[in-house]
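Structural overview for review
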Amino acid sequence: ANLNSQITSKIYLITIIKMSILVLKFGGTSVASVELIESAAKIVKSEYEAGNNLVVVVSAMSGATNILIDHVNKINYDDDSEYDVVVSSGEQVTAGLMSICLNKLGVPSRSWMGWQIPIITSDSHRNAVIKRVIPDAILKNFDDKKVAVVAGFQGISSDGRITTIGRGGSDNTAVYIAAALNAERCDIYTDVDGVYTSDPKMTKNVKRLDKVSYEEMIEMASQGAKVLQTASVESAMKHDVDVNVRSTFNPKDMGTKISNDIESDNQAVTGVAYSKDEAKITLIDVEDKPGVAAEIFNKLAESSVNVDMIVQNNFIERKMTNLTFTVPMIELERSIKLLNDLKQKINFSKVLEEKNLSKVSIIGSGMRNQPGIAAKMFDCLSKNNINIEVISTSEIKISVLINREKTEKAVSELHSTFNLDKI
Ligand code: ASP
Ligand code: MG
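Computed from a predicted model, the values in this text were never measured in an experiment.

Strand order in this open sheet of eight strands is E3-E6-E2-E1-E9-E13-E14-E12, and the pairing throughout is mixed. Sheet topology places strand E3 (109-112) and strand E12 (211-213) at the edges, where each strand pairs with a single neighbour. Strand after strand, the sheet turns through a mean of 20 degrees between neighbouring axes, direction not considered. The pairing of E3 with strand E6 (residues 147-151) spans four bridges and is classified as parallel. When the sheet's bridge partners are listed, serine 109 is paired in E6 with valine 147. Its contacts with the sheet place helix H5 (residues 89-104) against strand E1 (21-26), strand E2 (53-58), E3 and E6, and it is angled at close to 160 degrees to E6.

In structure tokens form, the structure reads like this:
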């Protein structure tokens, strides 16, 4: 009996010493009202009482950032650094409210803005890049048994100005903090209980995935799955941070785990993603000589236009080529203008644009070692009379550009063709 109790107390001691650091991030829909912040605070309280050291990263209340952006846009004057001051403020509100709720529940906490930690970013505004998180202040916070509530989406530039890190950036704040603190896990709490084989709002019989690899998640996010910001998954992969996507409304469930160690089952495709805001641009009869493509895409890149699928087809006898590529709908008008400006520098006969398009992608690391996936995809689309306008592929993804009206049909037919409704 004596030995037994010695063993028990030793185990007890080890549990006390091995307190984990967890980062919990709550998205906009999880903090959309004071009542919701109060219930999110209860999730934090239970993790705190389990003995963990906690950092809570919050987004702005759902819709708040859009309202702030609208305010700035009304003024019709470019001022990127003040834009970030205004647009970052949504997160300050939720950080303060979350901290008040925690203190009320008896969980000691305080809020931190990006600049107070500090989270150091590049000097560019609107889409700054996180360079470094200095963890000392938060670690000191843990010594005082306090929960650190951190405003997501914001940081400080080298010249001491407030920056924001791109839409959806709070996910990235959470991952970076988890990396800097060597946290056990980064839990992303949202309004769905994980990552699905396709969009549950659009497709029937979708299945929740228990595990997804970083690579697959990067493709899913960049191809339109909105559950996580793409850059945050890239950061998680780079810094080897385990991420769980969990539901605020069902906090007992561990959700979907995103990490490296995914053993492959025989599934070639793990998800079907789509994005409905694609526009296609075609430059007709572009002069076919070295440097032309570089000229065109540099021009677009300098203005931060996100070019996606690119297809070029040259007519050797005529020394001409047609160049087709896609950009997000919101960047179409700007892109056309930039291309017309280029007309003095490079020769082409005209620019065509096409709107009503969407991009549908199948994603899966199992594609690497299974032949015939592309054929099966195209076959499925042809059987459903869906025309493919542009195709692009990577090692673990095949994307097609189609008529927007056919999006639902294409996604659901592909979902069942690749047996995603049966996993
Ligand atoms: N509030 C910011 C946005 O709406 C950042 C975030 O929520 O992750 O983009
Ligand atoms: Mg988000």
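Picking up after the structure, the text goes on.
Turning to helix H4 (residues 80-87), its buried residues number three or more, namely Ser81, Tyr83, Asp84 and Val87. The arc that holds the buried residues of H4, viewed along the axis, is 155 degrees, so those residues lie on one side. Elements that come into contact with the buried residues of H4 comprise helix H3 (64-75), H5 and strand E8 (162-164).

We now examine the nonpolar core. Most often, soluble globular proteins keep nonpolar side chains buried together rather than apart. Core analysis: the biggest nonpolar cluster contains 48 residues, and Val55, Met217 and Ile258 have the highest contact counts within it. Setting aside its immediate chain neighbours within four residues, valine 55 contacts Leu22, Val23, Leu24, Ile138, Phe142, Ala148, Val150, Ile177 and Leu181. Counting residues in hydrophobic clusters, the runner-up holds 22 residues, among them Val58, Cys101, Ala151 and Tyr189.

We now examine the site of ligand 1. If you check the shell around ligand 1, you find Ser59, Ala60, Thr65, Glu91, Phe153, Arg167, Gly168, Gly169 and Ser170 and nothing else. At 2.8 Å, a backbone N or O of glycine 168 approaches an oxygen atom of ligand 1. Between ligand 1 and glycine 169, the relevant distance is 3.4 Å, taken from an oxygen atom to a main-chain nitrogen or oxygen of the residue. Notes on ligand 1: free accessible area 260 Å², of which the protein chains cover 86%. For the shell around ligand 1, a count of residues per class yields two nonpolar, five polar and two charged.

Parameters and conventions
- The written sequence of each chain sets the order in which its residues are numbered from 1.
- To read the labels, note that chains go from A and ligands from 1, taken in the order they are written.
- Per-residue local features are limited, in this predicted model, to residues with pLDDT of at least 70; the limit for side-chain atom pairs, both in listing and counting, is 80 or more; totals at the level of whole chains, interfaces and linings are taken over all residues.
- Working from all heavy atoms in the structure, the side-chain values ignore hydrogens and water.
- Any two strands with at least two DSSP bridges between them are considered paired.
- A helix here means a DSSP run of H or I that spans at least four residues, while a strand means a run of E at least two residues long, and both kinds are numbered starting from the N terminus.
- To get an axis, fit a line to the C-alpha atoms, keeping to the stretch in contact for a helix; angles then go from 0 to 180 degrees between the N-to-C directions.
- In what follows, residue pairs with any heavy atoms lying within 4.5 Å of each other are defined as contacts.
- Exposure categories follow from relative accessible area, calculated using a 1.4 Å probe and restricted to protein chains: below 20% of the type maximum is buried, above 50% is exposed, and the middle band is partly exposed.
- The reported arc concerns the directions from the helix axis to the C-beta atoms and nothing else.
- The criterion is simple. A nonpolar core is a set of buried Ala, Val, Leu, Ile, Met, Phe, Trp, Tyr and Cys residues joined through side-chain atoms within 4.5 Å.
- One heavy atom within 4 Å of a molecule or strand makes the whole residue count as near it.
- Contacts described as polar in this section are N or O atom pairs within 3.5 Å, which, within protein, must combine one atom able to donate a hydrogen with one able to accept it, while residues neighboring in sequence count only if both atoms come from side chains.
- Using a 1.4 Å probe, the Shrake-Rupley method yields the accessible areas, and only the shown protein chains count as cover for residues.
- Under the convention adopted here, Pro, Cys and the residues Ala, Val, Leu, Ile, Met, Phe, Trp and Tyr are nonpolar, Asp, Glu, Lys and Arg are charged, and Gly plus all remaining residues are polar.

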